[in-house]
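Structural features, examined
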Amino acid sequence: MSDTFNEMSKTIAQDFIQSILFVDDEAYSTEKGDHLFDAKLMCAESVARGFLSTAYAPEHQEDLKNIVDVGRKADVIVLDWRMDITGDSDQEQGDDEKDEDVTDFRGAFAISVIKDLINNSECGNAVDQLKLIFIYTGELGLGEICTRLKEEFVMFDKLNDYTLSYGGVRISIWLKESVASSLKHLPENKKRVRSYTELLDEITTEYSIISSGLLSNTCLDALTSLRNNTYKLLANFSPSLDPAFVAHRAMLHRPDDAGDLLKETICGKLNSILTDADISQRVSNNNIHDWILSRDFVDTEITVKKATTDTSAITITIDNTKRNLWQNEGYVAVLSKEQNGEGDPILKSKEIKRCEREKLKEHACASFTPPNFNPENFNEEFSILTHHKRNYLSTTKNPSLSLGVMIKDGDRYLLCIQQKCDSVRIPDGEQRKFLFLPMKENDQSFDVLFKNESQVYVHLSTCYKECQALEIIKFDPFEDSGIVQAQKSGDSFYYFTGGSENPIKYQWILDLKEAHAQRIVNNFAAQLSRVGIDESEWLRRA
């Protein structure tokens, strides 16, 4: 197995990680002991490696909120397991009782921090965010710590006696160097002892484990490029341009529209930074090759029907050689280079074309799926990633009705094809007509899909040829905003409500990306412009 891809992932992680938060009640203590933590030395080691680190020594339970707020901003958070915090109910016992029940409060504060970090986070729940959490402790019972964490976080998978994982969150347990001399009777824990320098190495390694992938590497590289160009970006939006922007805003019929232009301008600059960084090279042929070598693939088989009668079908085994050929030259190259014993191609061009059409969707994902991956719904999830701008599962902002917005009325799905410029600046007290194309459930041929409340994928096809099915629905603008805006209901979904003449509530489902929505509009317009005439059948069939 090649380590080239894994080393590249570590380099990307090293470049990306900027901030580390250390939380230890001994951070600024002058006392020596097994729980010693030298914040000054750790921060110095961090700076030497290019990390921005800060150490926080909590004293009261009220410090929890500040730690969580900063922890959400940090790329990595390192927690001591035993922290004596004023305000813990267990801490209010007498000294004798505290000594007897010392295990009761060990980890209590660290667990509270982790719970608040991964729950009710602005980043979503644990499965939707990437966060590396280290436990760096002087407590010797690492197995007991891992067991306690598993009991508190039942949804986490216990990878070993020192590591738990759930979604993009990874918790890793390590020992402070100050306890090395106490491990004579615990030789299995010696491998978890780390000095400050070694701990920083482990941070990079562990971060690369949870982010090691073609898509995640590319995303991290993109974020690193944006971080590195932050001040260059700010220089483009100098305060000296404020008068020009305000003047532009003042000349608009609806001044609030100026914010959309500024947003698009900023997005354009971000895109320019990523274009200059050429982040697409993270998924070049060479990197795909390294990725394939870094995984233990199981060879798969593709069966292709022959057009001749001498044999009904042939089987092609997809090994790593063919995987690389497939990635470099395409599916047709894999099939066309299959030869018989005499060195002649086995498949004709028509057979290859038919196979490409019939088998590509069926075999492509499975042929590039490592054994430890569950290939179910990979294609659906990637499709949603590429054509959804946002959906009801991932929004905190009230949606507005415009091009590409899909709504639901009972069992009916409707796609808004109203252009943006006709969806805004609606005068108060005036209704606006919106155009909708019906969408029908179709598991065989579809152009839009999403996951419903039951976590079932719904496949929808646009009714292009049923021009008479085009619907026109009137809506009132929301208050004085000039737009039709959905409001959150008691069931946590967003609904658009028609005007006074149409009290129906339409559930907001998703927003398509502009290009996908515009393609649907163009296809529908092409159907509208088709010409139907009567003519000589002899001439028509010529």
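What you see is a predicted model, and the numbers here were worked out from it, not measured in a lab. Note that residues are indexed from 1 along each chain, following the sequence as it is written. Local features in a predicted model are, by the rule used here, given only for residues with pLDDT of at least 70; side-chain atom pairs are given and counted only at 80 or more, and totals for whole chains, interfaces and linings are based on all residues. Excluding hydrogens and water, the side-chain values take into account all heavy atoms of the structure.

**Considering the packing of aromatic side chains**
Aromatic contacts are taken between Phe, Tyr and Trp rings whose centres are within 6.5 Å, Trp giving its six-membered ring; a plane angle under 30 degrees counts as stacked, one over 60 as edge-to-face, and the others as tilted. Under the defined criterion, the tally for this structure stands at 16 aromatic pairs. Look at Tyr 494 and Trp 508: their rings are 6.2 Å apart centre to centre, the planes differ by 85 degrees, and that puts the pair in the edge-to-face class. Of this pair, Tyr 494 sits in strand β19 (residues 494–497) while Trp 508 sits in strand β20 (residues 505–512), and the two are 14 residues apart along the sequence. Residues Tyr 494 and Trp 508 agree in their burial class; the two are buried. Put simply, the rings of Phe 22, Phe 37, Tyr 136 and Tyr 196 pair up and form one aromatic cluster. Its end group placed over the ring of Trp 174, Arg 192 keeps NZ or CZ at 3.6 Å from the ring centre. The criterion for a charge sitting over a ring is simple: Lys NZ or Arg CZ within 6 Å of the ring centre, and within 35 degrees of the ring normal. Over the ring of Tyr 495 we find Lys 505; its NZ or CZ atom is 4.6 Å from the centre of that ring. Working definition: helices are DSSP H or I runs of at least four residues, strands are E runs of at least two. Numbering for both runs from the N terminus. Think of it in three bands: with a 1.4 Å probe and only protein chains considered, a residue is buried below 20% of the maximum accessible area for its type, exposed above 50%, and partly exposed in between.

**Describing the confidence of the model for the protein**
Per-residue confidence from the predictor is reported as pLDDT, which spans 0 to 100. Chain-level pLDDT for the protein is 85 on average; 92% of the residues reach the 70-or-more range. Ranking the elements of the protein by mean pLDDT puts helix α4 (residues 95–100) last, at 46, and strand β3 (residues 76–79) first, at 96. Residue range residues 88–104 is modelled with pLDDT below 50. Its contacts to residues more than four positions away, or to other chains, number 14 contacts. In this description, contact between two residues means that some pair of their heavy atoms is separated by no more than 4.5 Å.

**Some remarks on the nonpolar core**
Grouped together as the largest cluster of nonpolar side chains are 46 residues, with contacts concentrated most on Ile 20, Phe 22, Phe 37, Val 78 and Ile 203. For Ile 20, the contacting residues outside a window of four places in its chain are Phe 51, Leu 52, Ser 53, Thr 54, Val 76, Val 78, Leu 200 and Ile 203. Only buried residues count toward a nonpolar core, which is a set of Ala, Val, Leu, Ile, Met, Phe, Trp, Tyr and Cys residues joined through side-chain atoms within 4.5 Å. Core analysis: the next-biggest nonpolar cluster, separate from the first, contains 38 residues, Ile 407, Ile 417, Leu 437 and Tyr 494 among them.

**Comments concerning the environment of Leu 262**
Looking at the element boundaries, Leu 262 is found in helix α12 (residues 258–277). On the basis of relative accessible area, Leu 262 is assigned to the partly exposed category, the value being 33%. As for Leu 262 and Phe 245, which are separated by 17 residues in sequence, their C-alpha atoms are 8.6 Å apart. When residues no more than four places from it in sequence are discounted, the contact partners of Leu 262 are Phe 237 and Phe 245.

**Quick notes on the pattern of salt bridges**
The salt bridge criterion pairs a side-chain nitrogen of Lys or Arg with a carboxyl oxygen of Asp or Glu, the two atoms within 4 Å. Under the criterion given, the structure shown has 24 salt bridges. Residues Arg 49 and Asp 201 are paired through a salt bridge, measuring 2.6 Å at the closest nitrogen-oxygen approach. With Arg 49 in the loop between α2 (39–48) and β2 (52–56) and Asp 201 in helix α8 (residues 196–211), the pair connects residues that are 152 residues apart, well separated along the chain. In this structure Asp 201 comes out as partly exposed when scored by relative accessible area, which is 34%. Between Lys 451 and Glu 381 there is a salt bridge, with its nearest N and O atoms 3.0 Å apart. Linking Lys 451 in strand β15 (residues 448–451) with Glu 381 in helix α17 (residues 378–387), this pair joins segments that are 70 residues apart in sequence. Each of Asp 24, Asp 80 and Lys 176 takes part in one network of salt bridges that share partners.

**A closer look at α2**
Each α-helix winds once per 3.6 residues, and so residues spaced three or four apart point in a common direction. Among all positions of α2, only Ala 39, Met 42, Cys 43 and Ser 46 are buried. The arc enclosing the buried residues of α2, seen along the axis, measures out at 95 degrees, which places them on a common side. For α2, exposure combined with an orientation more than 90 degrees from the buried face picks out Lys 40 and Ala 48. Each element contacted by the buried residues of α2 is listed here: β1 (19–23), β2, β4 (130–137) and α8. What the arc covers is the set of directions going from the helix axis to the C-beta atoms.

**Re unusual backbone geometry**
Note: most residues except glycine have negative phi, and most peptide bonds are trans. Of note, Arg 425 is a non-glycine position whose phi angle comes to about 55 degrees, a positive value. Residues other than glycine seldom take positive phi values, yet Gln 455 does so here, at roughly 65 degrees. Within the fold, Gln 455 resides in the loop between β15 and β16 (457–462).

**Some details on the packing of helix α9 (residues 214–228) against α12**
Angles run from 0 to 180 degrees between N-to-C directions of axes, and those axes are lines fitted to C-alpha atoms, restricted for helices to the stretch in contact. At a closest axis distance of 10 Å, the pairing of α9 and α12 adopts a crossing angle of 115 degrees. Relative to α12, the element α9 lies roughly perpendicular. Remark: the crossing between α9 and α12 carries right-handed chirality. Residues Ala 222, Ser 225 and Leu 226 of α9 form the contact with α12, whose participating residues are Leu 270, Ile 273, Leu 274 and Ala 277. Looking at the contact of α9 with α12, its residues break down into six nonpolar, one polar and no charged. Our angle categories are set so that under 35 degrees counts as roughly parallel, over 145 as roughly antiparallel, 65 to 115 as roughly perpendicular, and the remainder as oblique. Put simply, a crossing is left-handed when the front helix is turned counterclockwise from the back one by less than a right angle, and right-handed when it is turned clockwise. By the convention adopted, Pro, Cys, Tyr, Trp, Phe, Met, Ile, Leu, Val and Ala count as nonpolar, Lys, Arg, Asp and Glu as charged, and the other residues, Gly among them, as polar.

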